[in-house]
Amino acid sequence: MKHTQGSRAVAAVVLTVVASTIVMPAAQAGKNNQSATTTAAAPTTASPTTTTTPTTTTTVKATTTTAAPTTTAGPTTTVKATTTTAAPTTTAAPTTTKATTTTIKAPTTTVKSTGKTAKTAVTSSATAFAVPTVEAYADDPGSLFQITRLIRADQMWNRGATGQGVDIAVIDTGVSPVPGLAGKIINGPDLSLDVPFSAYPGLDAYGHGTHMASIAAGLDIAGAASLTDRTRFVGVAPGSRIVNVKVGAYDGATDVSQVIAAINWVVQHKNDNGLNIKVINLSFGTPSTNSSVDDPLSWAAEVAWRNGITVVTSAGNDGPGTAVTSPAYNPKLIAVGSVDQSVSPLSSSSFTSAAGWRQPDLWAPGARVMGLRVPGSFVDARFPGAVAGPRLIRGSGTSQAAAAVSGAVALLSSAYPGSSPDQIRSALIFSGKDVTGQISNLIQVDKAADLLAQWGPAPAMKEPVFGTPGRGSLEAARGGSHLSFNGVLLNNERDIFGNKWDGAAFATATFNRTSWNGGTFNGANWAGAGWAGANWAGANWAGANWAGAGWAEANWAGAGWAGANWAGAGWAGAGWAGANWAGAGWAGAGWAGANWAGLGWKGAVWG
């Protein structure tokens, strides 16, 4: 995580996800109105209902103007740029899209509480909605129509494997129920810094998590006959559901302690009644200075693996001379590199991290991938050049490649439920297609399935643990990335609530699957204690954060990044602007005039 964002205190307001215009209080407007090179609309996302809520805004002067969205996710931050990253002047997408709409049926999911035990049962019904078709983009190499064929996911569909019966946990910035994902989402706990200020937990005000979820498991219409229809959006594993565990705030801000908490929650609740979480998608990383054995994030991901969940990670976007990030550097996990599928012959994307002993295990398409967008979200408002039609947005990075592999793993887990994560990883590696000297394992899902069929179910066994893994420093796991609130860094061995982090106790509790007790993690109430309808119950964050400020008395607009963003590449190691970020984030600029340590959002593009 490598953003540098100015820290400032503001009056408490509610971070909303409602249809309204963003207006900043006069007292704050003067403070945040900074000279910059682009005008950025406030991050927003659609809500299921209309609510009147106090809102705030920031104004940023620009050389180009982004239209203000009609929905808002609350307070924004300002960008004071020293240089300008131009929006792309051309796109590979057609300049017009078909205006036709089709009324389709999508399954809706309900998780029923059975009382004190917090057990869940999942049922489905049908909800009808009309959506624009995506046929105009079907021939684009970044479309899911083309990508699913390149990795041969369509051959798995022909065999009857669509990912049905498998849930994919997407730990990210949230997932919004846009068409193509509506009815497929089960909301786990919202662990993001939006919690105290949002009326709609789990929604994606940033726009990244929705993009990843759509690549892995999007589906416009139910039924096998529709999967090859060029007019529909269909992800890699259209029969799978998404378990949404939000850790990223509306501007992407996240601490590594939140991600660890999210992974541990998934492990402890993977088989709640009606759930079958077999895949975790982690489309981000951090340049931890711990070893892969000692690192607490790496250990949390490995414990998930040991408990039958295949963990798919992005290798990073800092280029071939840089090391794979954490947790991808753990050799037990699947580390994914990006292929540029828009060129012939296929080649490794120039931004993929790969250096030293740990190289990407697998490669998948990650160039200008057209996933579902959240209209009015942070990235949607700031990078209009990446938008492709009314429903899609382009993104490039190892994060998109990882999301495609997560979908592939769901297909294999559905077809061969007795296969272990180790078997699935080996099958994908051994069946990978040699493309160039750089790429030896471009995933071919049906070929991996053939190997799993030969190998049969994995034998029951318990893998021994050697040494004392996972006891490394939480501060080292951040890799130089810090949240800041009112000028106070979240650093050293403490979590977002300011509670002490005991590495040895954490490592043991993670392994024993006891780090969560209802909604309590590391001595604080991070979430509710059980399921409430289709969502894990929320909680009011009591007490204070790491800066000593009460959660109910301060707004996250007074906080931000200090020093770095995730893995030198932003969320999921991808960018949205249609141009390289010149190795410095925001085209060499930073938040509130501060530099991004030369590592923000580099080596990859959105658009």
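Residues numbered from 1 in each chain as written. Predicted model: local features only at pLDDT ≥ 70, side-chain atom pairs only at ≥ 80, totals over all residues. Heavy atoms only, no water.

**Q** Any chance you could explain the overall build of the protein here in plain terms?
**A** When its secondary structure is counted, the protein shows twelve helices and 26 strands. When the 607 residues of the protein are sorted by exposure, 63% land in the buried category. Counted over contacts in the protein with a minimum sequence separation of 6, partners at least 24 positions apart contribute 80%. (Helix = DSSP H or I, 4+ residues; strand = E, 2+ residues; numbered from the N terminus. Buried < 20%, exposed > 50% of the residue type's maximum accessible area, 1.4 Å probe, protein only. Contact = heavy atoms within 4.5 Å.)

**Q** Any chance you could explain the environment of Asp 450 here in plain terms?
**A** With respect to the helices, strands and loops of the structure, Asp 450 is situated in helix α10 (residues 445-455). Take Asp 450: its relative accessible area is 31%, and that puts it in the partly exposed class. Sequence spacing of Asp 450 and Ala 427 is 23 residues, and the spatial spacing of their C-alpha atoms is 8.5 Å.

**Q** So what exactly am I meant to see when it comes to the nonpolar core here?
**A** Looking at soluble globular proteins, one finds that nonpolar side chains tend to be buried together. Counting 115 residues, the largest nonpolar core has Ile 171, Ile 263 and Ile 280 as its most contacted members. In terms of residues, this core owes the most to one element, helix α8 (residues 398-415), which gives ten residues. Residues in contact with Ile 280, not counting those within four places in the same chain, are Ala 169, Ile 171, Ile 263, Val 266, Ala 304, Ile 309, Thr 310, Val 311, Val 312 and Ser 406. In terms of nonpolar packing, the next biggest core, distinct from the first, is built from six residues, Phe 378, Val 379, Phe 383 and Ala 386 among them. (Core = buried A, V, L, I, M, F, W, Y, C linked by side-chain atoms within 4.5 Å.)

**Q** Could you clarify how one ought to interpret α10 in this entry?
**A** An α-helical turn contains 3.6 residues, so a residue and the one three or four places further along point in the same direction. Residues Val 445, Asp 446, Ala 448, Ala 449, Leu 451 and Leu 452 constitute the buried set of α10. On the buried face of α10, the contacting elements are α3 (153-158), α8 and α9 (421-430).

**Q** Explanation requested: the sheet that holds strand β20 (residues 524-525) in the structure shown.
**A** Strand pairing within a sheet occurs via backbone hydrogen bonds; the two strands may be parallel or antiparallel. Pairing in this open sheet of three strands is antiparallel, and the strands run β18-β19-β20 from one edge to the other. What marks the edges here is a single partner per strand, and that holds for β18 (516-517) and β20. Where β18 lies against strand β19 (residues 520-521), two bridges are found, and the strand directions are antiparallel. Residue pairing for β19: Asn 517 is matched across the bridge by Thr 520. (Pairing = 2+ DSSP bridges.)

**Q** It is not clear to me how the pattern of salt bridges should be interpreted in this structure. Could you clarify?
**A** Any two side chains of opposite charge can pair, given that their charged atoms come close. The final tally for this structure, using the stated rule, is 16 salt bridges. Here Arg 232 ties to Asp 229 by a salt bridge, and the two come within 3.9 Å at their closest N and O atoms. Take Arg 232: its relative accessible area is 15%, and that puts it in the buried class. Between Asp 361 and Arg 358 there is a salt bridge whose closest N-O contact spans 2.8 Å. Connected via shared salt-bridge partners are Asp 255, Glu 475 and Arg 478. (Salt bridge = Lys/Arg side-chain N within 4 Å of Asp/Glu carboxyl O.)

**Q** In this structure, what is going on with the packing of aromatic side chains? I would like to understand it.
**A** Think of a pair of aromatic rings as described by two things: how far the centres are apart, and how the planes are tilted against each other in angle. Applying the stated criterion to the full structure yields 13 aromatic pairs. Here the aromatic rings of Tyr 206 and Phe 378 are separated by 5.0 Å at their centres, their planes lie at 20 degrees, and the arrangement is stacked. Of the two residues, Tyr 206 is situated in the loop between β6 (185-190) and α4 (208-217) and Phe 378 in helix α7 (residues 378-382); the sequence distance between them amounts to 172 residues. Phe 378 carries the same exposure label as Tyr 206, and that label is buried. Between Trp 516 and Phe 521, the aromatic rings sit 5.4 Å apart at their centres with planes inclined by 40 degrees, giving tilted as the arrangement. Three or more aromatic residues joined by ring pairs form one cluster here, namely Phe 497, Trp 501, Phe 506, Trp 516, Phe 521, Trp 526 and Trp 541. Lying across the ring of Phe 145, Arg 230 places its NZ or CZ 5.3 Å from the centre. One cation-aromatic arrangement involves Arg 382 over Phe 378; the distance from NZ or CZ to the ring centre is 4.2 Å. (Phe/Tyr/Trp six-rings, centres within 6.5 Å; stacked < 30°, edge-to-face > 60°. Lys NZ or Arg CZ within 6 Å of the ring centre and 35° of its normal.)

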